[in-house]
Amino acid sequence: MPKTGMEPIRRKALIGATIAEIGALGSLDVTMGKIAKRAGVSSALAHHYFGGKDDLLLAAMRHLLMQLGLSVAAELKQAHSPEQRLAAIINASFADSQFSKATVSAWLSFYVQAQSSVRAARLLRVYTKRLHSNLVYDLKKLTGPGRADETAKAVGAMIDGFYIRHALQGHALQRDEMIGIINRYWRLSIVA
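One structure accompanies this document, and this report is about it. Here the structure is a predicted model, which means the values were calculated and not measured.

**Section: the environment of tyrosine 185**
Turning to step 1, where the next piece is worked out: Tracing the backbone shows tyrosine 185 in helix H10 (residues 175-191).
Turning to step 2, where the next piece is worked out: Sequence-wise, tyrosine 185 and valine 136 are 49 residues apart; in three dimensions their C-alpha atoms are separated by 15 Å.

**Points about helix H5 (residues 82-93)**
Turning to step 1, where the next piece is worked out: Across its twelve residues, H5 extends 17 Å between first and last C-alpha, which sits within 8% of the 16 Å expected from 1.5 Å per residue.
Turning to step 2, where the next piece is worked out: Within H5, burial applies to Pro82, Leu86, Ala87, Ala88, Ile89, Ile90, Ala92 and Ser93.
Turning to step 3, where the next piece is worked out: Where H5 is buried, its residues touch helix H4 (53-77), helix H6 (96-99), helix H8 (118-143), helix H9 (145-168) and H10.

**Quick word on the pattern of salt bridges**
Turning to step 1, where the next piece is worked out: For the structure shown, the criterion picks out seven salt bridges.
Turning to step 2, where the next piece is worked out: Note that arginine 11 is salt-bridged to glutamate 7, the shortest N-O span being 2.9 Å. In this pair, arginine 11 and glutamate 7 are both assigned in helix H1 (residues 6-25), four residues apart and thus about one turn of the helix distant.
Turning to step 3, where the next piece is worked out: Between glutamate 21 and arginine 38 there is a salt bridge, and its shortest N-O distance comes to 2.7 Å. Note that glutamate 21 is positioned in helix H1 and arginine 38 in helix H2 (residues 32-39), a separation of 17 residues in sequence.
Turning to step 4, where the next piece is worked out: Assessed through its relative accessible area of 8%, glutamate 21 is described here as buried.
Turning to step 5, where the next piece is worked out: Look at arginine 38 and you get partly exposed, because its relative accessible area is 45%.
Turning to step 6, where the next piece is worked out: Several salt bridges share partner residues, and in doing so they unite Arg85, Asp138 and Lys141 into one network.

Parameters at a glance
- Residues numbered from 1 in each chain as written.
- Predicted model: local features only at pLDDT ≥ 70, side-chain atom pairs only at ≥ 80, totals over all residues.
- Heavy atoms only, no water.
- Helix = DSSP H or I, 4+ residues; strand = E, 2+ residues; numbered from the N terminus.
- Expected span 1.5 Å × (residues − 1).
- Buried < 20%, exposed > 50% of the residue type's maximum accessible area, 1.4 Å probe, protein only.
- Contact = heavy atoms within 4.5 Å.
- Salt bridge = Lys/Arg side-chain N within 4 Å of Asp/Glu carboxyl O.

Here it is in structure tokens:
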């Protein structure tokens, strides 16, 4: 007989194990068996909770998106001006919870998965639209709508690009350097 109340705990463990397994392998070539073993549950239980690997991968990405959203919200609570809000969004994008090796690998794998999975592509669109609208909201106050849209697109691309470089290059810029470059870019773009 299953233990009452264990499902949320096991689901969380499986999601964490998925991210860790992708990070260890550096790709989506993970198996439900290896994920389940890392989580300390049976493969059958992993399938019971998530159905298949694609569903578990999507759950892991939803988890990462939720963590990012919580990080952005926490940073924004302490920001009181458009400039502080923009810096807060960028800082949250490079928060510890989003910048571990396993998480960066999971994000990159998510981008790959989005090329062939309609559901993953939808999640990716949600992420990019949310980032864009958060940036535009404050950039419009500083530049006007036209330039705000263009600057937000560039900042979003820089954030994603730095993640790709960090994952693929052994000598990528450090997080503080990346944050500094992005902050300098949007500040220069609002005075141009």
